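# Survey of secondary and tertiary structure
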Amino acid sequence: MLNTTSIQHTCKTFFPEGIHLDISSILFTVIIFLFSCNTEKKDDNSAIQKQAQTYLDGYNQQYQTLATDASLKQWKLLTHIVPGDTVSQHEADIADKVIATFTGSNANIDSAKKYLAIKEKLSPLQARQFQVILFNAGNNPEAAGNIVDRRIKATNAQSSMLYGFKYSLNGKPTTTGDLDDILQNSTDLNARLKAWEAGKEVGRTLKVGLDSLQQLRNASVTPLGYKNFFDYQAAEYGMSEDEIIALTHQFITEVWPMYRELHTWARYSLAEKYKQPVPEYIPAQWLPNRWGQEWAGLVDVKGLNIDSVLKSHGAEWIAHESEKFYESIGFDSLPETFWQNSSLYPVPADSSYTKNNHASAWHIDLANDVRSLMSITPTTDYWSTSLHELGHIYYYMSYSNPDVPIILRGGANRGYHEAFGTMMGLASLQKPFLEGLKMIPANTVTDDTMQLLNEALKYIVHIPWGSGVMTEFEYDLYAKKIPESEYNKTWWALVKKYQGIVPPTDRGEEYCDAATKTHINDDPAQYYDYSIANILLFQFHGYIAKNILKQDPHATNYWGNKEVGDFLKKVMKPGASVDWRDHLKASIGSDMSAQPMVDYFAPLMGYLKRVNAGRTYTLPEKPMF
């Protein structure tokens, strides 16, 4: 039996050209009339809330059904990419269009606005759901007409081109994993250059599509009053685009003294490694990452290299050992369907199909169907990545409970998800943790300064990249509407300004090096989530170390501590049903601040200043915005 709300959604979704009876609006008017005639305020609110709940129940049920179908189609599209096959993309387009039509319908927009106009009569949980309904509509408003359909099709086409791209090195097929291996391990500058350039070739095929997506994404959100797509994404935090930019600038400013020291250290260290003159800025192909987003591979921490141990165990061991960690702190085992449905290991280079190479976690039905898409290889990097992705999975499982409505099953803010995943990655590489697993011998003697340097090359280095290059490129793309003819110029100006990195040769506008980063194409205008996550992870990690483990935050062992698990469950369980600012303060007694991150790396500053004494600094003392 369908309630009136379900009938409304069915008509709107499947018969968009037919006669549409806005039943919810009629009932809403009746309730308002009854409200005005009733003298008992408590009863009045009860009537409003009852009608609101009827609407919300129908919306949540329909949203879950459509979101599940769309997720399944996207999963197929990104895990089994066959050259020339357009069926999967077509199916994904249709599923995305259906949910976009539903969330962006005038009926749902009007209903959400009407209820929010009397939100003082609603329960806080109901008001929050209506705010999310209106936000969901902002990216797919019916008023945008066929723009939304075109945007969906263009996004899926872009993803297919990116993940279906056949990489080539020296005239032979290769994979991004092979290219990354060269950049992480080779000292042959010619081989490094070829690998770096091979990784950028995909950008040529993506440039026109990105220009189209710039226009379509902006046009999709402006009908509901957002200035542009960047502004729309910022609104999910309850912030404006200017506030997000100010926040990311704050992050860069706070870590800049440390980043400047790291940049100087890296220039001299890399020049010595490659037996080259010290460069003014770091050549991009000298770094162990295709985008220079983290430099952890520049330091080998004696006693903590676990690659050989991981290779002896294999990729499957990494996946199952990651599950055991979460079980050890009190979480349930993963459902059997996780192992049946996930895509966890690499596709062979000679396979007839490819897949998305970016590790991700999926909440297919916003309930019990959880999956991960990875390409696990037995490396230290994937050891922490596996724990990271399962952090997302256990967050999904935690807030999939009866107290959290379907549309509020998300992180308290988008950064929370990354914070918990990345925090587990950090904890998984600390010495007591590894000793407990016998991945290194007990009482292993290590150089703690080098270990801290290694971590700084990952976490500190990521802030100018994430808060600077990625965030400002997408701000320029959507808010400033930079033309296609200036994409590469804009990109490399930001890379030099914030990262102090330069390309090996001139990169003309025939390239689109920004588009080689997956998020630019299919997770747009929210990369600052990773910066926010890094800030939050040090806040939460510092709290856990000090208040639960009673351990040095540089040397913790979460494994087996049920109190840590209880704390995390408490933070994770409400999902997005609470205000993220209030939730943060209630959880750790603090507002969002980079100070715990700065404090964590403070012992490293003295070492870097001593090493860099007498060297030439090429980055300014303060960042220039």
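Preceding this section is the structure that the text describes.
Throughout what follows, the structure given in this document is the object of discussion. Because the structure is predicted, anything quoted here is derived from the model rather than measured.

## What about the overall build of the protein chain?
The number of helices and strands found in the protein chain is 25 helices and six strands. Radius of gyration (C-alpha) of the protein chain: 25 Å, near the 25 Å computed for a compact globule of 625 residues. Reported as C-alpha extents along the three principal axes, the dimensions of the protein chain are approximately 80 × 55 × 45 Å. Taken over 625 residues, the protein chain has a buried fraction of 57%. For the protein chain, contacts bridging at least 24 residues in sequence account for 77% of all contacts bridging at least 6. Here the protein chain displays about 25600 Å² of accessible surface, and carbon together with sulfur accounts for 53% of that area. Positive and negative charge centroids in the protein chain, built from 58 and 71 side chains respectively, lie 2 Å apart.

## Some points on the packing of aromatic side chains
All told, the structure shown has 47 aromatic pairs when counted by the stated rule. Here a set of aromatic residues connected by ring pairs shows up, and it is made of Tyr395, Tyr396, Tyr399, Tyr416, Phe420, Phe540, Tyr543 and Phe567. If you follow Arg507 out to its NZ or CZ, it ends over the ring of Tyr511, 3.8 Å from the centre. For Lys569, the ring lying beneath its charged end belongs to Phe331, and the centroid distance is 5.4 Å.

## Brief notes about the packing of helix H8 (residues 176-185) against helix H9 (residues 189-200)
Two quantities define a packed helix pair, namely the angle between the axes and the distance from one axis to the other. At a minimum axis distance of 9 Å, the contact between H8 and H9 shows a crossing angle of 145°. For the element pair H8 and H9, the recorded crossing hand is left-handed. On H9, the residues touching Leu179, Ile182, Leu183 and Gln184 of H8 are Ala191, Arg192, Ala195, Trp196, Ala198 and Gly199. For the contact of H8 with H9, the class distribution of residues is seven nonpolar, two polar and one charged.

Conventions used here
- Residues numbered from 1 in each chain as written.
- Predicted model: local features only at pLDDT ≥ 70, side-chain atom pairs only at ≥ 80, totals over all residues.
- Heavy atoms only, no water.
- Helix = DSSP H or I, 4+ residues; strand = E, 2+ residues; numbered from the N terminus.
- Rg over C-alpha atoms; globule rule 2.2 N^0.38 Å.
- Buried < 20%, exposed > 50% of the residue type's maximum accessible area, 1.4 Å probe, protein only.
- Contact = heavy atoms within 4.5 Å.
- Areas by Shrake-Rupley, 256 points an atom, 1.4 Å probe, with all protein chains shown as cover.
- Lys, Arg positive; Asp, Glu negative; His and termini not counted.
- Charge placed at Lys NZ, Arg CZ, Asp CG, Glu CD.
- Phe/Tyr/Trp six-rings, centres within 6.5 Å; stacked < 30°, edge-to-face > 60°.
- Lys NZ or Arg CZ within 6 Å of the ring centre and 35° of its normal.
- Axes fitted to C-alpha atoms, helices over the stretch in contact; angles between N-to-C directions.
- Left-handed = near helix turned anticlockwise from the far one by under 90°.
- Nonpolar A, V, L, I, M, F, W, Y, C, P; charged D, E, K, R; others polar.

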